[in-house]
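For reference, the chains in residue letters:
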Amino acid sequence: DYVGKVASYSIQILNADFSVFAGTWVQLNVEVKNNSKLVNKSVVFESSNESVATVDTSGKLTTVSNGGSIITAKISDYPNVFKNTLIRKKFPICY
């Protein structure tokens, strides 16, 4: 990605600050940089608690039930470069 420079990757989940209702979904948007320059890298997503939330290979996070889960986005060929976000779910309020 950067000829003659040491790779210095970072990853950021751009829309990481949210709460969602159980049974809905959110598309996670990530930004990967090398030496502060945007690069195109494959990203892997993981959920720490799939009974609360799942996330597919494209970053579509689907809520399953009430609770919390840590969502991790990793650069696939640099798995030690990652970003976590805690999501909390809430049920809709019905009147």
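These remarks concern the structure in this document. (Residues numbered from 1 in each chain as written. Predicted model: local features only at pLDDT ≥ 70, side-chain atom pairs only at ≥ 80, totals over all residues. Heavy atoms only, no water.)

### Concerning unusual backbone geometry
For residues other than glycine, phi is negative in most cases, and the peptide bonds are mostly trans.
Reasoning step 1: Even without being glycine, asparagine 35 reaches a positive phi, approximately 50°.
Reasoning step 2: For asparagine 35, the location among the structural elements is in the loop between β4 (30-34) and β5 (37-38). (Helix = DSSP H or I, 4+ residues; strand = E, 2+ residues; numbered from the N terminus.)

### Examining the sheet that holds strand β3 (residues 25-27)
Reasoning step 1: Reading across from one edge, β3-β8-β7 is the order of the three strands in this open sheet, with antiparallel pairing throughout. Sheet topology places β3 and β7 (53-55) at the edges, where each strand pairs with a single neighbour. Taking the axes of each pair of neighbouring strands and ignoring which way they run, one obtains an average angle of 15° across the sheet.
Reasoning step 2: Pairing of β7 with strand β8 (residues 60-63) involves three bridges; the strand directions are antiparallel. Of the residues in β8, the one forming a bridge with valine 55 is leucine 61. (Pairing = 2+ DSSP bridges. Axes fitted to C-alpha atoms, helices over the stretch in contact; angles between N-to-C directions.)

### A closer look at the environment of asparagine 15
Reasoning step 1: With respect to the helices and strands, the residue asparagine 15 is situated in the loop between β1 (9-13) and β2 (19-21).
Reasoning step 2: The sequence separation of asparagine 15 and threonine 85 amounts to 70 residues, and the corresponding C-alpha distance is 9.6 Å.
Reasoning step 3: Among residues more than four places away in sequence, those in contact with asparagine 15 are Val26, Gln27, Leu28 and Asn29.
Reasoning step 4: There is a polar contact of 2.8 Å between the side chain of asparagine 15 and the backbone oxygen of glutamine 27.
Reasoning step 5: Of note is the side chain of asparagine 15, whose polar atom sits 2.9 Å from the backbone nitrogen of asparagine 29. (Contact = heavy atoms within 4.5 Å. Polar contact = N/O pair within 3.5 Å; in protein donor to acceptor, adjacent residues only side chain to side chain.)

### Things to note about the sheet that holds β1
Across a sheet, strands are paired by hydrogen bonds formed along the backbone, either parallel or antiparallel in direction.
Reasoning step 1: The strand order β1-β4-β5 describes an open sheet built from three strands, whose pairing is antiparallel. This sheet does not close on itself; its edge strands, each paired only once, are β1 and β5.
Reasoning step 2: Summarising the sheet, β4 and β5 pair through two bridges and their orientation is antiparallel. Across the sheet, lysine 33 pairs through a bridge with leucine 38, a residue of β5.

### Re the pattern of salt bridges
Side chains carrying opposite charge are able to pair once their charged atoms draw close together.
Reasoning step 1: Evaluated as defined, the whole model comprises three salt bridges.
Reasoning step 2: Salt-bridge contacts for lysine 33 lead to glutamate 31; the nearest nitrogen and oxygen are separated by 3.7 Å.
Reasoning step 3: Residue glutamate 31 is classed as partly exposed on the basis of its relative accessible area, which comes to 25%.
Reasoning step 4: Its salt-bridge partner being lysine 74, residue glutamate 46 comes within 3.6 Å of it at the nearest N-O pair. (Salt bridge = Lys/Arg side-chain N within 4 Å of Asp/Glu carboxyl O. Buried < 20%, exposed > 50% of the residue type's maximum accessible area, 1.4 Å probe, protein only.)

Any functional reading would require information that these geometric values do not contain.
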